[in-house]
Amino acid sequence: MAVETLLETQLSLVFDIGLDENEKAKTKRKSYSNVKASATPDQLLQAAQAIASLQTEALLYVERNDTNQINA
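Overview of the structure. Since the model is a prediction, treat every value here as computed from it, not as a measurement.

Scoring rules and cut-offs
Residues numbered from 1 in each chain as written. Predicted model: local features only at pLDDT ≥ 70, side-chain atom pairs only at ≥ 80, totals over all residues. Heavy atoms only, no water. Core = buried A, V, L, I, M, F, W, Y, C linked by side-chain atoms within 4.5 Å. Buried < 20%, exposed > 50% of the residue type's maximum accessible area, 1.4 Å probe, protein only. Contact = heavy atoms within 4.5 Å. Helix = DSSP H or I, 4+ residues; strand = E, 2+ residues; numbered from the N terminus. Expected span 1.5 Å × (residues − 1). Arc of directions from axis to C-beta. Pairing = 2+ DSSP bridges. Axes fitted to C-alpha atoms, helices over the stretch in contact; angles between N-to-C directions.

1. Notes on the nonpolar core
Leu11, Leu13, Phe15, Val35, Ala39, Leu44, Ala48 and Ala52 together form the largest nonpolar core, which totals 8 residues. Residues within four places of Ala48 in sequence aside, it is in contact with Leu11, Leu13, Leu59 and Val62.

The structure is reproduced here in structure tokens:
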């Protein structure tokens, strides 16, 4: 039976930085490592909103990226 082990959690914030020359939306991503794996979605959103309040661009969405190792 396979066993999954959580190795790392990252928090990514995606910001709207306007339109390019073809009127296509452009975004910028900022990622933060060393996020507690036990953090709840509400806690992550609260942290992301605090970080976003220090930025000039508008926050579009927040992502949680977990890295897992799977062993037999």
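2. Thoughts on helix H1 (residues 41-52)
End to end, H1 covers 16 Å across 12 residues, agreeing with the expected 16 Å (1.5 Å per residue, within 8%). Taken as a whole, H1 has its buried residues at Leu44, Ala48 and Ala52. For H1, the angular spread of the buried residues around the axis is 70 degrees, confining them to a single face. Residues Asp42 and Gln46 are exposed on H1 and point more than 90 degrees away from its buried face. Looking at the packing, one finds that the buried side of H1 touches strand E1 (3-19) and strand E3 (58-71).

3. Here's the deal with the sheet that holds E3
Strand order in the open sheet formed by 3 strands is E2-E1-E3, with antiparallel pairing between adjacent strands. Because the sheet does not close on itself, it has two edges, and the strands there are strand E2 (25-32) and E3. In this sheet, adjacent strand axes meet at a mean angle of 30 degrees when their direction is disregarded. With 8 bridges joining them, E1 and E2 adopt antiparallel strand pairing. Note that in E2 the partner of Val14 across the bridge is Arg29. Strands E1, E2 and E3 of the sheet are contacted by H1, whose axis makes an angle of about 35 degrees with E1.

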